Structure formats: structure tokens, C-alpha cells
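An overview of the molecular structure
Spelled out, the chains give:
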Amino acid sequence: MITILIADDFDLLRQDLTEMLNAQPDMQVVGQAATGAGIVELAKSVKSDMILMDIEMESTSAGIQAAEAIHAADPDRLILYLTAHDTDRMILTAMATGAVDYIVKGAEDEEVLAHIRAAAAGHPMLNARVQSTVIREYDRLRRSEQSLLFFINNVSQLTSAERELVRLLLQDKKVKEIAAIRCVEVVTVKTQIKGLLHKFGCTRTKEIVEMIRQLNISHLF
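Everything in this summary refers to the structure shown in the same document.

What counts and what doesn't
Residues numbered from 1 in each chain as written. Predicted model: local features only at pLDDT ≥ 70, side-chain atom pairs only at ≥ 80, totals over all residues. Heavy atoms only, no water. Patch = residues over 30% accessible without salt bridge, like charges linked within 9 Å, V, L, I, M, F, W, Y side chains within 5 Å. Areas by Shrake-Rupley, 256 points an atom, 1.4 Å probe, with all protein chains shown as cover. Salt bridge = Lys/Arg side-chain N within 4 Å of Asp/Glu carboxyl O. Lys, Arg positive; Asp, Glu negative; His and termini not counted. Charge placed at Lys NZ, Arg CZ, Asp CG, Glu CD. Helix = DSSP H or I, 4+ residues; strand = E, 2+ residues; numbered from the N terminus. Pairing = 2+ DSSP bridges. Axes fitted to C-alpha atoms, helices over the stretch in contact; angles between N-to-C directions. Buried < 20%, exposed > 50% of the residue type's maximum accessible area, 1.4 Å probe, protein only. Phe/Tyr/Trp six-rings, centres within 6.5 Å; stacked < 30°, edge-to-face > 60°. Contact = heavy atoms within 4.5 Å. Parallel < 35°, antiparallel > 145°, perpendicular 65-115°, else oblique. Left-handed = near helix turned anticlockwise from the far one by under 90°. Arc of directions from axis to C-beta. Core = buried A, V, L, I, M, F, W, Y, C linked by side-chain atoms within 4.5 Å.

As a further point, take a negative patch on the surface. Negative charge collects at one region of the surface, where Asp16, Glu19, Glu108, Asp109, Glu110 and Glu111 lie side by side. Elements with a minimum of two residues in the negative patch: α1 (11-22) and α5 (109-120). Note on placement: Glu110 falls in helix α5.

Pasting the structure below:
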């Protein structure tokens, strides 16, 4: 028997869900809440295999906050979001709480039941939209991490002259100013900058400066 808690501020929807789930031979609703705060308190006293969680209840992110609180106390509690929100941002925010699935309201009853059974069996069946959103974000983060490691590795290999050049760029010095400070020709500075850009895989010195500032490593120069 899959025991379920329901959190949704729409009374009629909670009632309909409860009737549908209790009509299944392998499911039982053991509690309901109309707010995020309510489901957090209910989860403390009523054990269940999973929680069907709305996102927008007493606030636009009540379900997100509730999921975080519940998982902090009980990391093994399965949370499935059942919500009207279907933006990429909301999907990523919700799944980041440790939820196992994300269902958009309006799905057919059989689809909701299938998602619940799959999650209970340990094989969540994320729909194509949610899968695609999560995979894209994973790829973006992976690429960002690789770029970051590449950048930091190159910083460690800069020559003293290149470090000085970066230091002056961080001071927003122009090419002519850098040439004057270093007592070299402008063409020499341009050549050095070209080499620096090649080393970092950038097309503009502004990209290098922005990355260094974002990483808060200006003191290394």
C-alpha cells in the first residue's frame, strides 16, 4: 500500500485527488493540508511514503519551502510536485529540493497514478518536458564547471609579465596607457593582449576581467 499526503490549497482538488487515490487498491491518502506550513507540521506526525505537493499555496513558493523543510527532517520522504506551474525556472527550482517527480496539473488521472506508482517503485517517470529541462541545466552547469577549471588552470600558468598586464586591465587601463606604464610600444601591448586572449580562449579582454572579478581573485594580480 502506497501511503500519501496531499498538500494543495484548492479544497475541491484535494477532495477529488483523495477519492481517486483511495479508489486504487494499492494507494491510501493518510492526510491532507491546505498550506505549506500545514504539510510541514502534518509530515512530522503522520508517516507516509510520499507527498503530492502543490507549489503555490499561501505564497507563490510555499510548496518549495515546505519540501525543503520536510527533506531536512526526513530525506527519504518522496515528494512529487503536482502544480500548475510549468516554466523551466520553476521546474529546476522544485527539482532542486530533492523531489522525485514533477507533474503539471491537467494531466489525466491514469498518468498521475502511473507517476505515483513509478516513484514508489524507485523508478520515477519524469515526463519529456521535465527531463529535457533538467538535462539542459545539467549540461549548462557541466560546461560552466569545465570553463571555470580551464580558466583557473590558465591563471596559475601566467608569466609575471602577463600577470602585470592583467593587473593593469583590472584597473581599466587602455592599451596606450599600458604601453606608457610599461615603457613599450602600443603594438607590443597589442601582441601581448592577443597572446593573453588566446591563452584564455576569449575574444575580448573584458571577458577576462569580468571572470576574474566574478571569481573574486583580483588579489592574485
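Strand order in the open sheet formed by five strands is β2-β1-β3-β4-β5, with parallel pairing between adjacent strands. In the strand order of this sheet, the two ends are held by β2 (27-33) and β5 (101-104), each with one partner. Here the strands of the sheet are splayed against their neighbours by 25° on average, with no regard to which way each runs. As paired strands, strand β3 (residues 50-53) and strand β4 (residues 78-83) are joined by four bridges and run parallel to one another. Within the sheet, the bridge partner assigned to Ile51 lies in β4 and is Ile79.

Once that is clear, we can look at the pattern of salt bridges. A full pass over the atoms with the stated rule returns 11 salt bridges. Taking the shortest distance from any N to any O, the salt bridge between Glu162 and Lys199 comes out at 2.9 Å. In this pair, Glu162 is assigned in helix α7 (residues 160-170) and Lys199 in helix α9 (residues 186-200), connecting sequence segments 37 residues apart. Between Glu207 and Arg204 there is a salt bridge, with the nearest N and O atoms lying 3.9 Å from each other. We classify Glu207 as partly exposed; its relative accessible area is 28%. A relative accessible area of 47% means that Arg204 is categorised as partly exposed.

Counted by the stated rule, this structure contains one aromatic pair. Residues Tyr81 and Tyr102 carry aromatic rings whose centres are separated by 6.1 Å and whose planes lie at 45° to one another, so their mutual orientation is tilted. Residue Tyr81 is located in strand β4, and its partner Tyr102 is located in strand β5; the two are separated by 21 residues in the primary sequence. Among the residues examined, Tyr81 registers a relative accessible area of 0% and is labelled buried. A relative accessible area of 0% places Tyr102 in the buried class.

The next thing to look at is the side chain of Arg182. Within the secondary structure, Arg182 sits in helix α8 (residues 175-182). What makes Arg182 buried here is its relative accessible area of 16%. Not counting the four nearest positions on each side in its chain, Arg182 is found in contact with Ala161, Glu164, Leu165, Leu168 and Gln192.

Our next topic: the packing of α7 against α8. It is at 10 Å that the axes of α7 and α8 come closest, and there the two elements cross at 130°. On the basis of the axis angle, α7 is oblique to α8. Crossing of α7 against α8: the hand is right-handed. For the pair α7 and α8, the contacting residues are Ala161, Glu164, Leu165, Leu168 and Leu169 in the first and Ile178, Ile181 and Arg182 in the second.

Now for helix α10 (residues 205-215). Inspection of α10 places Ile208, Val209 and Ile212 among the buried residues, and these make up the whole buried set. Axial view of α10: buried residues confined to an arc of 95°, hence all on one face. After α10 finishes, the residue Asn216 shows a positive phi value of roughly 60°.

With glycine set apart, most residues show a phi of negative sign, and most peptide bonds adopt trans. In this structure, Asp172 takes a positive phi of about 65° despite not being glycine. Classification of Asp172 as partly exposed rests on a relative accessible area of 49%.

Bridging between strand β1 (residues 2-7) and β2 involves six bridges; their strand directions are parallel. The partner of Ile4 across the bridge, within β2, is Val29.

The next point concerns the nonpolar core. Core analysis: the biggest nonpolar cluster contains 25 residues, and Ile39, Ile51, Met53, Ile70, Ile79, Tyr81 and Tyr102 have the highest contact counts within it. Looking at this core, the elements with two or more residues in it are β1, α2 (36-45), β3, α3 (62-73), β4 and α4 (88-95). With five residues, α3 is the single largest residue contributor to this core. If near-sequence neighbours (up to four positions away) are discounted, Ile70 is found in contact with Ile39, Val40, Ala43, Ile51, Met53, Arg77 and Ile79. Counting 21 residues, the second-largest nonpolar core is a separate cluster that includes Phe151, Leu170, Ile193 and Ile212.

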